[in-house]
Amino acid sequence: MLNRIFILAITVSLLTGCNSSEKLLQKGQYDRAIDKAVEKLRKKPNDDQELYVLKEAYTKANSFDMDQIEFLEKEGREENYVKIFLLYERLDNRQDRIKTLPSSLMSEFTIIDYDEQLIESKSQAAEISYEKGLQYLELGGRENARRAYYEFERVKSIYSDYREVNQMLREAEYLGTNQVLFVIENNSEVVLPARFESELMKIGLSDLNNNWIKYSVYEDEDQKYDYFIVLNINDINVTPERIEKEKITEEKEVQDGTKYVLDERGNVKKDSLGNDIREPNYITVSAEISKVRQVKEAIVGGTLDYIDLRTDQLVKTENIGVTALFEHMSASYTGDERALSKESKDMVNSEMAPFPNNELMLLDAANLLKEHAKEIMYRNRRLLSSAY
């Protein structure tokens, strides 16, 4: 037992040591070392070792970032201003963590005002990303529109109301999005009820939308579509109404009153008070059950075809099929009711039901079909995200 406790203590010590601020410093993970050291110094301000680690990590992290800024400024490339802003922001955030230390430790650190550098680099970063976004939009095409979107998104993260950034984001998103139209075609040579197609059109594809794919179920003549998803129905069958009958026998052992307990001589046994002893009397009862199963099915099948309208090519097809089932059970019996199982009692208490007409069966199938189609579309959503 002592050995196990000793081993556990060693394990905990090693795991703790691996994540200590000193170990993080040695690994060059300066910001993690700073977080760890600051956390410990808040609780124990007199910990000289943690203070040493914090000063080392803080100095090295700042030195590394300042060297990066100096290099990027010397390089003089416009796009570097975004990186420069992010570096100044990191310097300022790191300094904010130092400010959370107890006041007795603040004299150990020099606090620098980065406001001027932040304001300048922030303004330049926003301006450069905004102009790059406009340039991408001018180049045209889905991929460039998406690049523009990410540039405008960066601008918005810097200044939420910068120029017309919200309008530019909407435009870039629209131009970068593939438009997909869901279409239903009946090639089964069976006339479908009008409500069948209207039920399918309630498929509700908006939850499949993302930044770069938008699904529609109703065609907009002013919209240029990139893909059709065609639900091609080529098999419709409503089976005849069927009534299947079956007879079964059920038996059960039940208590039927009580009986005297007899000894080996055939005399009634007595208890300690001289009273006759009785016990439950069990008998086997049976009942004959006439089951009636009513069945009707509506079967709809076909394919889900993906057509790229930019190339006029069928890029994928998947089989799709559903069966809407009407099933109703009822029964009658002769014999002893006590023999009936719960299932049989439920059937006995149920009368035969009227069969649904063909239209109702097909509407049930339409509901199943749209859910199945949606599952397939969700599975294949990456197929529609290309940006060429």
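All values reported here derive from a predicted model rather than from experimental measurement.

*Asks:* I tried to follow the overall build of the protein chain on my own but got confused; where do I start?
*Replies:* In terms of helices and strands, the protein chain carries 11 helices and six strands. What you see for the protein chain is a C-alpha radius of gyration of 39 Å, clearly larger than the 21 Å of a compact globule of 388 residues, by over 25%. Taking the principal axes of its C-alpha atoms as reference, the protein chain extends roughly 110 × 80 × 35 Å. Expressed as a percentage of the 388 residues in the protein chain, the buried residues total 37%. Of the roughly 23,800 Å² of accessible surface on the protein chain, 48% is carried by carbon and sulfur atoms. Averaged over its 53 positive side-chain charges, the protein chain has a centre that lies 6 Å from the centre of its 72 negative ones.

*Asks:* So what exactly am I meant to see when it comes to the packing of aromatic side chains here?
*Replies:* The relative placement of two aromatic rings is captured by the distance of their centres and the angle of their planes. In the structure shown here, the tally under the stated rule is nine aromatic pairs. Between Tyr 130 and Phe 152 the ring centres are 5.5 Å apart and the planes differ by 65°, which places this aromatic pair in the edge-to-face class. Remark: Phe 152 occurs in helix H7 (residues 142–158) and Tyr 130 occurs in helix H6 (residues 115–139); sequence separation between them is 22 residues. Given a relative accessible area of 0%, Phe 152 falls into the buried group. Put simply, the rings of Tyr 130, Phe 152, Tyr 159 and Tyr 162 pair up and form one aromatic cluster. Above the ring of Tyr 260, the side-chain terminus of Arg 278 is found at 4.0 Å from the ring centroid. We note Arg 381 situated over the ring of Tyr 378; from NZ or CZ to the ring centre the distance is 3.9 Å.

*Asks:* Help me understand the pairing of strand S6 (residues 313–335), please; the structure alone is not making it clear to me.
*Replies:* Walk down a regular strand and you will see the side chains alternate between the two sheet faces. Where strand S5 (residues 278–308) and S6 come together, 22 bridges link them in antiparallel fashion. The residue of S6 that forms the bridge with Asp 305 is Thr 317. In sequence, S5 turns back onto S6 through a hairpin of four residues, with Asp 312 there showing a positive phi of about 55°.

*Asks:* Honestly, the nonpolar core in this entry has me stumped. Any pointers?
*Replies:* What tends to happen in soluble globular proteins is that the nonpolar side chains get buried as a cluster. Judged by nonpolar contacts, the single largest core of 36 residues is most densely connected at Phe 182, Ile 233 and Met 377. Contributing elements (two or more residues each) for this core: strand S1 (178–186), helix H9 (194–200), strand S2 (213–216), strand S3 (227–238), S5, S6 and helix H11 (358–379). With sequence-adjacent residues up to four places away left out, Met 377 is seen in contact with Phe 182, Ile 203, Leu 205, Leu 208, Tyr 215, Ile 229, Leu 304 and Tyr 306. Counting 26 residues, the second-largest nonpolar core is a separate cluster that includes Val 82, Tyr 88, Val 155 and Met 168.

*Asks:* Teacher, can you tell me more about the environment of Glu 78 here?
*Replies:* Positionally, Glu 78 belongs in the loop between helix H4 (48–75) and helix H5 (80–98). Placed 47 residues apart in sequence, Glu 78 and Ala 125 show a C-alpha to C-alpha distance of 8.5 Å.

*Asks:* What is the right way to read the pairing of S3 from this model?
*Replies:* The sheet contact formed by S1 and S3 spans seven bridges and is parallel. Bridge assignment links Glu 185 to a residue of S3, and that residue is Asn 232. Sheet topology note: the S3/S5 ladder contains 11 bridges and is antiparallel. The partner of Ile 236 across the bridge, within S5, is Val 300.

*Asks:* Before we go on, may I ask you to explain unusual backbone geometry in this structure?
*Replies:* Working note: non-glycine residues mostly have negative phi, and peptide bonds are mostly trans. Non-glycine residue Glu 189 carries a positive phi angle of around 65°. Mapping Glu 189 onto the fold places it in the loop between S1 and H9. Taking the relative accessible area as the measure of exposure, Glu 189 reaches 81% and is therefore exposed. With a phi angle near 55°, Asp 312 is a residue other than glycine that sits in the positive phi range. Examined against the element boundaries, Asp 312 turns out to sit in the loop between S5 and S6.

What counts, and at which threshold
- Residues numbered from 1 in each chain as written.
- Predicted model: local features only at pLDDT ≥ 70, side-chain atom pairs only at ≥ 80, totals over all residues.
- Heavy atoms only, no water.
- Helix = DSSP H or I, 4+ residues; strand = E, 2+ residues; numbered from the N terminus.
- Rg over C-alpha atoms; globule rule 2.2 N^0.38 Å.
- Buried < 20%, exposed > 50% of the residue type's maximum accessible area, 1.4 Å probe, protein only.
- Areas by Shrake-Rupley, 256 points an atom, 1.4 Å probe, with all protein chains shown as cover.
- Lys, Arg positive; Asp, Glu negative; His and termini not counted.
- Charge placed at Lys NZ, Arg CZ, Asp CG, Glu CD.
- Phe/Tyr/Trp six-rings, centres within 6.5 Å; stacked < 30°, edge-to-face > 60°.
- Lys NZ or Arg CZ within 6 Å of the ring centre and 35° of its normal.
- Pairing = 2+ DSSP bridges.
- Core = buried A, V, L, I, M, F, W, Y, C linked by side-chain atoms within 4.5 Å.
- Contact = heavy atoms within 4.5 Å.

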